[in-house]
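# Structural description and commentary
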Amino acid sequence: MPREAVFSDSKTFKPHQFDMQPAPMTASNANSTPLRHKVDVTHPVLVGYLFWILGFVGAHRFYFGKPLTGILWFFTGGLLLVGWIVDAFFIPAMADEANQRYPNGRIDYTVTWVLLTFLGLFGIHRFYMGKIGTGILYLLTGGLLGIGYAYDICTLNEQVEELNRFD
């Protein structure tokens with residue numbers, strides 16, 4: 001049974017009231033229906049900071065689903081490192097935005113990104129996503145000579161999102 005705190009206006013506060021779903025209708029909340037706030041974590045802040053270490057090449061921006069600025073960071077060294085340093089303060093906001101944008105599902109975004117980052121030229125991330133044919137193709141051609149690898153860096157979140165929607 002959850003604890004309740006009584007405020008001066010005699011309304012009760014329940015911890016579950018902030019989960020972004022309507023609370024069940026009861027006699028005590030018949031006049032007000034608080035929203036529940038619950039967001040599944042698909043892109044953890046800590047992992048974002050780990051990718052930020054490589055941020056001067058845009059790794060954290062690609063991870064959070066911002067491929068255009070990721071490309072800009074890649075070609076300008078994180079906007080001559082100034083944008084990279086400023087991004088250290090924006091990682092939590094980027095994580096929140098990505099968590100709201102990309103649904104949770106069978107395929108984990110972080111696992112897929114780590115596999116792409118370290119073993120992407122061998123197509124291991126594609127095997128993990130169930131794309132066996134292109135996984136073998138990447139394995140035999142070095143990620144399609146790096147072109148497929150670059151494509152996946154720009155589109156990986158959308159690929160995982162599409163696969164997770166059809167679970």
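First, a word on what this report is: a plain description of the structure on this page.

## Some thoughts on the packing of aromatic side chains
The tally for this structure, following the rule as stated, stands at 8 aromatic pairs. On the basis of an interplanar angle of 10 degrees and a centroid distance of 4.6 Å, the ring pair of W52 and W84 is categorised as stacked. Of the two residues, W52 sits in helix α1 (residues 45-52) while W84 sits in helix α4 (residues 82-101), which places them 32 residues apart along the sequence. Its relative accessible area of 18% is what places W84 among the buried residues. An aromatic cluster of three or more residues is present, and its members are F51, Y63, F64 and W113. Between R61 and the ring centre of W73, over which it is positioned, the NZ or CZ distance is 4.3 Å.

## Thoughts on the environment of F62
Here F62 lies in helix α2 (residues 59-63). A C-alpha to C-alpha distance of 9.9 Å links F62 and W73, two positions 11 residues apart in sequence. In this structure, F62 is in contact with V57, P67, G70, I71, W113, I153, C154 and N157, ignoring residues within four places of it in sequence.

## Examining unusual backbone geometry
Positive phi is not limited to glycine here, since L81 has a value of about 70 degrees. Mapped onto the elements, L81 comes out in the loop between α3 (67-80) and α4. Look at L144: it is not a glycine, yet its phi comes out positive at around 55 degrees. Considering the arrangement of structural elements, one finds L144 in helix α7 (residues 132-145).

## Concerning α4
Since the α-helix advances by 3.6 residues per turn, residues separated by three or four positions end up pointing in the same direction. Taking 1.5 Å per residue, 20 residues should reach 28 Å; α4 reaches 27 Å between its end C-alpha atoms and fits that length. At F89, α4 shows its maximal kink, close to 60 degrees; a proline, P92, follows between one and four residues later. Among all positions in α4, only G83, W84, D87, A88, I91, M94, A95, A98 and N99 are buried. Check the buried side of α4 and you find it contacts α1, α2 and α3.

## Examining α1
If you check which residues of α1 are buried, you get V47, G48, F51 and W52. For α1, the angular spread of buried residues about the axis comes to 150 degrees, placing them on one side. Looking at α1, the residues exposed on the side facing more than 90 degrees away from the buried face are L46 and L50. Among the structural elements, α2, α4 and α5 (109-119) are those in contact with the buried residues of α1.

## With respect to a nonpolar patch on the surface
Together, V114, F118, L119, L121, F122, I132, I136, L139 and L140 give the surface a local cluster of nonpolar side chains, amounting to about 870 Å² of exposed area. Contributions of two or more residues to the nonpolar patch are made by α5 and α7. Position of L140 relative to the elements: it lies in helix α7.

## Examining the side chain of R126
For R126, the location among the structural elements is in helix α6 (residues 124-129). For R126, the side chain forms a polar contact with the side chain of Q159, separated by 3.4 Å. Not counting residues within four places of it along the chain, the set of residues in contact with R126 comprises K131, I132, T134, G135, Y138, Y151, D152 and Q159.

## A few points about the pattern of salt bridges
Enumeration according to the criterion identifies 5 salt bridges in this entry. A salt bridge links R101 to E158; the shortest N-O distance between them is 3.2 Å. Residue R101 is found in helix α4, and its partner E158 is found in helix α8 (residues 147-165); the two are separated by 57 residues along the sequence. Notably, a salt bridge pairs D152 with R126, separated by 2.7 Å at the nearest N-O pair. Separated by 26 residues along the polypeptide, D152 in helix α8 and R126 in helix α6 bring together distant segments of the chain. Classification of D152 as buried rests on a relative accessible area of 0%. Residue R126 is classed as buried on the basis of its relative accessible area of 6%.

Reading guide: rules and limits
Residues numbered from 1 in each chain as written. Predicted model: local features only at pLDDT ≥ 70, side-chain atom pairs only at ≥ 80, totals over all residues. Heavy atoms only, no water. Phe/Tyr/Trp six-rings, centres within 6.5 Å; stacked < 30°, edge-to-face > 60°. Helix = DSSP H or I, 4+ residues; strand = E, 2+ residues; numbered from the N terminus. Buried < 20%, exposed > 50% of the residue type's maximum accessible area, 1.4 Å probe, protein only. Lys NZ or Arg CZ within 6 Å of the ring centre and 35° of its normal. Contact = heavy atoms within 4.5 Å. Expected span 1.5 Å × (residues − 1). Bend = angle between axes of the 7 residues up to and from the residue. Arc of directions from axis to C-beta. Patch = residues over 30% accessible without salt bridge, like charges linked within 9 Å, V, L, I, M, F, W, Y side chains within 5 Å. Areas by Shrake-Rupley, 256 points an atom, 1.4 Å probe, with all protein chains shown as cover. Salt bridge = Lys/Arg side-chain N within 4 Å of Asp/Glu carboxyl O. Polar contact = N/O pair within 3.5 Å; in protein donor to acceptor, adjacent residues only side chain to side chain.

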